[in-house]
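Read off the chains here:
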Amino acid sequence: MADIVQILVMIIIATVLLYFGYSLFFGFSHNSPPPVPRYNGPLEGTPGDPRTCPVCGAKLAKGERVKSSAFPTVNGTDRLMHIFGCIYCLSGDRKRICPVCNATLSPQEVLVARLFDKPGRSHVHVLGCSRCRKTGISK
Ligand SMILES: [Zn+2]
Ligand SMILES: [Zn+2]
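A brief look at the structure comes next. Being a predicted model, the structure only gives us computed values, none of them experimental.

1. Structural notes on the sheet that holds strand 4 (residues 123–129)
Strands pair in a sheet through their backbones, by hydrogen bonds, and they do so in one of two ways: parallel or antiparallel. Judged by pairing direction, the sheet is antiparallel, and its four strands sit side by side in the order 1-2-3-4 without closing on themselves. Either end of the sheet is taken by a strand with one partner, and the two such strands are strand 1 (67–70) and strand 4. Mean inter-strand twist for the sheet, computed between neighbouring axes without regard to direction, equals 30 degrees. When strand 2 (residues 78–85) meets strand 3 (residues 111–116), the two strands line up antiparallel, connected through six bridges. Among the inter-strand pairings, Arg79 is bridged to a residue of strand 3, identified as Leu115.

So, in structure tokens, the structure goes:
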């Protein structure tokens, strides 16, 4: 009889240890401190992320949009678009930089991108800015 009690106690201890092990593990992965922004502006976004401004790299909050205009499609699969920027770089708060030629753009200069309309998720590929697209630095 004493053996069964011992085994039960062992199982309970093992369960408790496992439980704490798990909460410790998940606690570490989820409670890591968020990056502290250095100023009262947007966080740095990941390039290519739909929530990231391709002109200045600002991470945009919900409702903040990148101003752009798309042209009618020529071949039915993709179309050209001009990206003007987000509220941060259009207002002059952030540097506007072309991801292709790294030139600092004036508010009048835009990025030229190709927009692939796909069901569910559309993909934007930046080709260059009005500067390097014109001078032919990039293909
Ligand atoms: Zn921007
Ligand atoms: Zn450029």
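2. Regarding the environment of Ser69
Note that Ser69 resides in strand 1. Here Ser69 falls in the partly exposed class, since its relative accessible area comes to 27%. Each C-alpha atom of the pair Ser69 and Phe84 lies 8.1 Å from the other, and the pair is 15 residues apart in sequence. Apart from the residues lying within four places of it in its own chain, the contact partners of Ser69 are Leu80, Met81, His82 and Phe84.

What counts, and where the lines are drawn
Residues numbered from 1 in each chain as written. Chains lettered and ligands numbered in written order. Predicted model: local features only at pLDDT ≥ 70, side-chain atom pairs only at ≥ 80, totals over all residues. Heavy atoms only, no water. Pairing = 2+ DSSP bridges. Helix = DSSP H or I, 4+ residues; strand = E, 2+ residues; numbered from the N terminus. Axes fitted to C-alpha atoms, helices over the stretch in contact; angles between N-to-C directions. Buried < 20%, exposed > 50% of the residue type's maximum accessible area, 1.4 Å probe, protein only. Contact = heavy atoms within 4.5 Å.

Function-wise, these values are silent; they only describe arrangement.
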